[in-house]
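# What the coordinates show
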Amino acid sequence: MSYKLKNSNLEVQIDAPLKNYRSPRFDWTGKIVSIKFKKNLVTTIENKTADKDLFYGKGLYNEFGIDSPLGFNEAKSGDWFHKIGIGLLKKDHNQYKFDNDYKIKPATFSVSKKTNTILIKCTSDCINGYSYVLTKEIKLFGRKLVIEYSLQNTGEKIITTDEYTHNFIAMNKSLSKPNYLLKFPFQLKPLLFEENVNPEKKVLLEPSQIAFQSSPKKQYFFSNLSGGESVKASWELINQQTCIGIKETGNFETTKINLWGWEHVISPELFIHIEIPPHETQQWSRTYDFYQDVSIQ
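Our subject in this report is the structure included herewith. In this text the structure is predicted, and so the values were computed from the model without any measurement. (Residues numbered from 1 in each chain as written. Predicted model: local features only at pLDDT ≥ 70, side-chain atom pairs only at ≥ 80, totals over all residues. Heavy atoms only, no water.)

## A word on the pairing of strand E14 (residues 180–183)
The criterion, for reference: Pairing between strands requires that DSSP locate at least two bridges from one strand to the other. Each helix is a run of DSSP H or I of at least 4 residues and each strand a run of E of at least 2, with the numbering of both proceeding from the N terminus.
Note that E14 and strand E19 (residues 231–239) share four bridges and pair antiparallel. Of the residues in E19, the one forming a bridge with Leu182 is Leu237. Where E14 meets strand E17 (residues 209–212), three bridges bridge the pair, whose relative direction is antiparallel. Bridge pairing links Leu182 to Ile210 in E17.

Written as structure tokens, this is what we have:
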């Protein structure tokens, strides 16, 4: 089943937890598969040539523990470990790989929808002293899409992980040409990037923004854009051809911001660190503000 949130500005399609994408990477709660702003499609897909569309991301898909999921290091080969928002994955290698096709034992999900709000809950099993309840509420307010998270630690051990949203953005399927500008509220620090993959040199790193010389035919990736400095969790992407802009703001500071992209997609990523003692809850939110302004041409 799919759900739709819609007002005069935004139309958001959300897949139910057990519909379509059911791979072991991205969170199944609140899979935002597409967004239209004033009838303009502003999201896209991860891999436009893939024949395994249900294995790849699209829209606004988020992920917990991309480097090391909850309980992975403690699990033995053949044992189960948690992938928050999905359920249990079976360990088959000593090193976790986010793109591996792990065997999945799904968590328990429930969905409640109102006019401009959808609430999705994920309740885990208890494995190796870890268990949790994840709640995600997605709301529309005018031009804004708000995603509120609540992660309750119902287990015996501390939950230590991180979460980010892999924003798959493109304005009306427009390629990553010079009309795009990606802005940040801090100075970029290329010398402190953990990874700097820019094979065609078409992605231009400026003091506090990223521009494009032409459409990159090869994938690019930059990690740790702030150089590890704690900064406001925010980015703003502007398409000067369509005059459409998108700004994501988290209600938290972050020390980790990445950017991945390709010819057809731009994906800024704001990470939040999660540290939850037993019987406690951590809450955070992400707000997406959409606008169209002819003065930015």
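On we go.
## What to know about the nonpolar core
Where we set the bar: We define the nonpolar core as a collection of buried residues of types Ala, Val, Leu, Ile, Met, Phe, Trp, Tyr and Cys that are connected through side-chain atoms lying within 4.5 Å of one another. Each residue's exposure class comes from its accessible area (1.4 Å probe, protein chains only) as a fraction of the maximum for that residue type: buried when under 20%, exposed when over 50%, partly exposed otherwise. Here a residue-residue contact requires only that any non-hydrogen atoms of the pair lie within 4.5 Å.
Of all hydrophobic cores here, the largest spans 80 residues; its most connected members are Leu145 and Leu151. Non-local contacts of Leu151, meaning those with residues more than four positions away in its chain, are made with Phe64, Ile84, Tyr132, Val133, Leu134, Ile159, Ile274, Ile276, Glu280, Thr281, Gln282 and Trp284.

## Points about the sheet that holds strand E21 (residues 257–262)
Rules: Angular values range over 0 to 180 degrees, each being the angle between N-to-C directions of two axes fitted as lines to C-alpha atoms, with helices fitted over their stretch in contact.
In spatial order, the strands read E15-E18-E21-E22; together these four strands make up an open sheet with antiparallel pairing. Strands at the two margins of the open sheet, each flanked by one partner only, are strand E15 (195–197) and strand E22 (265–270). Ignoring which end each strand starts from, the neighbouring axes of this sheet average 10° apart. In this structure, E15 lies alongside strand E18 (residues 220–223), joined through three bridges in antiparallel fashion. Bridge pairing links Asn196 to Phe222 in E18.

## Some points on empty space enclosed by the protein
Here is the rule: Here a cavity is any set of points on a 1 Å grid over the protein atoms alone where a 1.4 Å probe fits but cannot get out, and a pocket is any open set with protein on both sides within 12 Å along at least 5 of 7 lines; a residue lines the site when it has an atom within 4 Å of a point. Grid points are joined across faces, edges and corners, and a volume is the space filled by probe spheres set on the points. Asp, Glu, Lys and Arg are counted as charged, while Ala, Val, Leu, Ile, Met, Phe, Trp, Tyr, Cys and Pro are counted as nonpolar; the rest, among them Gly, fall into the polar class.
Applying the stated criterion across every chain yields a total of one cavity of 30 Å³ or more. Taken as a whole, the largest cavity encloses approximately 40 Å³ of empty space. Forming the walls of the largest cavity are Gly30, Ile32, Leu60, Tyr61, Asn62, Lys136, Ile138, Ile147, Tyr149 and Thr165. Elements with a contribution of two residues or more to the lining of the largest cavity: strand E5 (60–64), strand E11 (132–141) and strand E12 (144–153). With three residues, E5 is the largest single contributor of residues to the lining of the largest cavity. Taken together, the residues of the lining of the largest cavity sort by class into six nonpolar, three polar and one charged.

## Concerning the pattern of salt bridges
A pair can form between side chains of opposite charge whenever their charged atoms are brought close. Selection rule: By definition here, a salt bridge exists when the distance from a side-chain nitrogen of Lys or Arg to a carboxyl oxygen of Asp or Glu is within 4 Å.
As enumerated under the stated definition, the model contains 16 salt bridges in all. A salt bridge links Glu11 to Lys6; the shortest N-O distance between them is 3.7 Å. By relative accessible area, Glu11 is classed as partly exposed at 22%. Of the charged contacts, one joins Glu263 and Lys48 as a salt bridge, the two residues approaching to 3.4 Å between their closest N and O atoms. Residue Glu263 is found in the loop between E21 and E22, and its partner Lys48 is found in the loop between strand E4 (40–41) and E5; the two are separated by 215 residues along the sequence. For Lys48, a relative accessible area of 47% translates into the label partly exposed. Through salt bridges that share partners, Arg25, Glu46, Glu63 and Lys83 make up one connected network.

## Re the environment of Tyr164
Worth spelling out the cut-off: Here a polar contact is recorded for every N or O atom pair within 3.5 Å, except that within protein the pair must consist of a potential hydrogen donor and a potential acceptor, and residues adjacent in sequence are included only if both atoms are side-chain atoms.
With respect to the element layout, Tyr164 can be found in strand E13 (residues 159–167). Sequence separation of Tyr164 and Ile66 is 98 residues, and the distance between their C-alpha atoms is 8.9 Å. Setting aside anything within four residues of it in sequence, one finds Tyr164 in contact with Arg25, Phe26, Asn62, Glu63, Ile66, Glu269, Leu270, Phe271 and Arg286. Engagement of the side chain of Tyr164 in a polar contact is seen with the side chain of Arg25, the distance being 2.9 Å. A distance of 2.5 Å separates a polar atom in the side chain of Tyr164 from a polar atom in the side chain of Glu63.

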